[in-house]
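# A look at the structure
Residues per chain, in single letters:
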Amino acid sequence: MPSLRISFIPVVVLILLLSYNVYIFGDNSSYGPNQLALLFSALLAGLIGVFHLKLDYAKLEKKAIDSIGVSLQAMLILLVVGALIGVWILNGVVPTMIYFGLDLIHPTVFLPVTLIICSIVSLATGSSWSTVGTVGIALIGIGQTLGISEGMVAGAIVSGAYFGDKMSPLSDTTNLAPAMAGADLFDHIKHMLYTSGPAILISLILFTILGFFNKGDATTTNQIAETLELIDKNFNISIWLFSLPLIVFVMVNKKVPAIPALLAGTIFGLVYALIFQGELLSRLCSGEVNFDNVYKVFMNTLFGGFESTTGNKVIDKLFSRGGMSGMLNTIWLILMAMIYGGMLEATGMLQAIANWILKKITKISNLVASTIGTSIFLNLTTSDQYIAIVLTGRMFKGAYADFNLQPKNLSRAVEDGATVTSVLVPWNTCGAFFSTTMGVATLTYLPFAFFNLLSPIISIIIAATGKTMVKLDEEK
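Residues numbered from 1 in each chain as written. Predicted model: local features only at pLDDT ≥ 70, side-chain atom pairs only at ≥ 80, totals over all residues. Heavy atoms only, no water.

### Section: the layout of surface pockets
- The space that makes up the largest pocket amounts to roughly 420 Å³.
- G126, S127, D172, A258 and Y386 are, among the 21 residues lining the largest pocket, the residues nearest its centre.
- Counting only elements with at least two residues in the lining of the largest pocket, the list comes to α4 (72-90), α7 (128-146) and α20 (385-402).
- The biggest single contributor to the lining of the largest pocket is α4, with three residues.
- Looking at the lining of the largest pocket, its residues break down into ten nonpolar, eight polar and three charged. (1 Å grid on protein atoms, 1.4 Å probe; cavity = no way out; pocket = protein on both sides within 12 Å on 5 of 7 lines; lining within 4 Å. Points joined across faces, edges and corners; volume = space filled by probe spheres on them. Helix = DSSP H or I, 4+ residues; strand = E, 2+ residues; numbered from the N terminus. Nonpolar A, V, L, I, M, F, W, Y, C, P; charged D, E, K, R; others polar.)

Dropping the structure here:
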């Protein structure tokens, strides 16, 4: 087992490199510099393992590469979501969502309405990723047109998506946390209400207050009218297009795995394009609508995304997105992050840091704070929420039993730490996915992701009061 001082070296180096990258490159730091920072830090951990700890490099490399397997599903989902976004713009689903959203939602209530919509969709589907990949991108477009800060809009989307994901029995993380802690699923969900309830209510109040500063003016009204006219001119807007996202939500709600459900949404999306967007397809095919030309348009949209050429900068920025190729940078980031996390685990450095943390715990409030702190630390270092949930659950399970606490206390703390903060880390799989999908940098929406920021704080405060910390001897 490496010493604590040695174990922290790759962590400190990574934090310094990432911080310097943000200082030098700003929002562009995730387009190469952060990937290299993760790779160099992983290499440093490996060199320490070989030359100082005398470990076999081949075994270290194998364990680090094996850790990539944990994120393969996330990377596949990224590719499918990229294709889905492009296709759903082509077939008019996203333009229709934005059209009706602009027509019905007033700027003053947009932020709280966004929070509520994303909460409901995520609660119904159990997936924050599916939520942001469907209604999330439409809401971002509406917010941009209304002139609302993209950071605020993205923060409302993230807050709602994670509240619904966290409280849904269909969510993978909501099932994983109690499984690691040894708690019952529905007991776990009920127990989270004590922390998630106040967090989402405070978030709703804060977004409502921010909404009063988004009243709109004559310029905004004119811009909305112009945008509605351009959308109507370039796409066939139909209420029947809402049936496609409804199909996907029903599939996810029926526990169809995410990848098949999203793939089905993409394939059905191509059929919808043929049914609803004949005029658009004719323009894209230069008037010659035949199998070869339509096939070419479909393939270009799937791998390269949809490209809007209306001449209006707002509309073109709104609808020029999607495609599998647009997700490749994020996949590169995830690959480097998983290699880094795998190397830390393979060398025993993560375990050394965990042992040091457990020795410092003397009371329940410290125990919960350490659980949340460790899960956030693992989100920062291993770059994956699933690893953070699993490792934290394993580390602290015995400690909660020693304090005579029911396992649901541990599973709640893990969710309040690992699940909700993963999206706030730019190089974490969740942070990378959300920022890429929405087109908003992680650090831009972080200050407005109120639910995600409040959840760990409220959890620690409640633990300090001793309220809701249910003891084992209170069970029958």
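### A short note on unusual backbone geometry
- Even without being a glycine, K54 presents a positive backbone phi close to 60 degrees.
- With respect to the helices and strands, the residue K54 is situated in the loop between α2 (33-52) and α3 (57-66).
- Within the chain, T468 stands out as a residue other than glycine whose phi angle is a positive 65 degrees.
- Assignment of secondary structure puts T468 in the segment after α24 (450-465).
- Judged by relative accessible area, T468 falls into the partly exposed class, the value being 23%. (Buried < 20%, exposed > 50% of the residue type's maximum accessible area, 1.4 Å probe, protein only.)

### Digging into helix α10 (residues 185-211)
- Taking 1.5 Å per residue, 27 residues should reach 39 Å; α10 reaches 36 Å between its end C-alpha atoms and fits that length.
- The axis of α10 is deflected most strongly, by about 45 degrees, at Y194, and proline P198 appears within four residues downstream.
- Where α10 begins, the capping side chain belongs to D184, and its oxygen is found 3.1 Å from the backbone nitrogen of D187. (Expected span 1.5 Å × (residues − 1). Bend = angle between axes of the 7 residues up to and from the residue. Polar contact = N/O pair within 3.5 Å; in protein donor to acceptor, adjacent residues only side chain to side chain.)

### Brief notes about the packing of aromatic side chains
- Applying the stated criterion across every chain, the model contains 14 aromatic pairs.
- With a centroid separation of 6.0 Å and 45 degrees between ring planes, the pair formed by F235 and F306 is classed as tilted. Remark: F306 occurs in the loop between α15 (291-304) and α16 (313-319) and F235 occurs in the loop between α11 (218-234) and α12 (243-253); sequence separation between them is 71 residues. Here the two residues F235 and F306 agree in accessibility, since each one is buried.
- With a centroid separation of 6.0 Å and 70 degrees between ring planes, the pair formed by F433 and F434 is classed as edge-to-face.
- Looking at F434, the relative accessible area reads 0%, which means it is buried.
- By the ring-pair criterion, three or more aromatic residues cluster together here, those being W129, Y162, F433 and F434. (Phe/Tyr/Trp six-rings, centres within 6.5 Å; stacked < 30°, edge-to-face > 60°.)

### Focus on the state of the cysteines
- According to the stated counting rule, one finds zero disulfides in the structure shown.
- No disulfide involves C118; its sulfur sits 15 Å from the nearest other cysteine sulfur, which is in C430.
- On the basis of relative accessible area, C430 is assigned to the buried category, the value being 0%. (Disulfide = S-S within 2.5 Å.)

### A look at the environment of V440
- Its location among the elements puts V440 in the loop between α22 (429-438) and α23 (442-445).
- Spatially, the C-alpha atom of V440 lies 34 Å from that of A463, the residues being 23 residues apart in sequence.
- Not counting the four nearest positions on each side in its chain, V440 is found in contact with I140, E150, A154, S435 and Y445. (Contact = heavy atoms within 4.5 Å.)

### Some details on the pattern of salt bridges
- Tallied over the full model, the rule gives three salt bridges.
- For D66, the salt bridge goes to K62, with nearest N and O atoms at 3.0 Å. On the criterion of helical spacing, the pair formed by D66 and K62 is a turn pair, its members being four residues apart in helix α3.
- Among the residues examined, D66 registers a relative accessible area of 45% and is labelled partly exposed.
- For the salt bridge of D416 with K166, the shortest nitrogen-to-oxygen distance reads 2.3 Å. Separated by 250 residues along the polypeptide, D416 in helix α21 (residues 407-421) and K166 in helix α8 (residues 150-167) bring together distant segments of the chain. Residue D416 shares its accessibility class with K166, and that shared class is buried. (Salt bridge = Lys/Arg side-chain N within 4 Å of Asp/Glu carboxyl O.)

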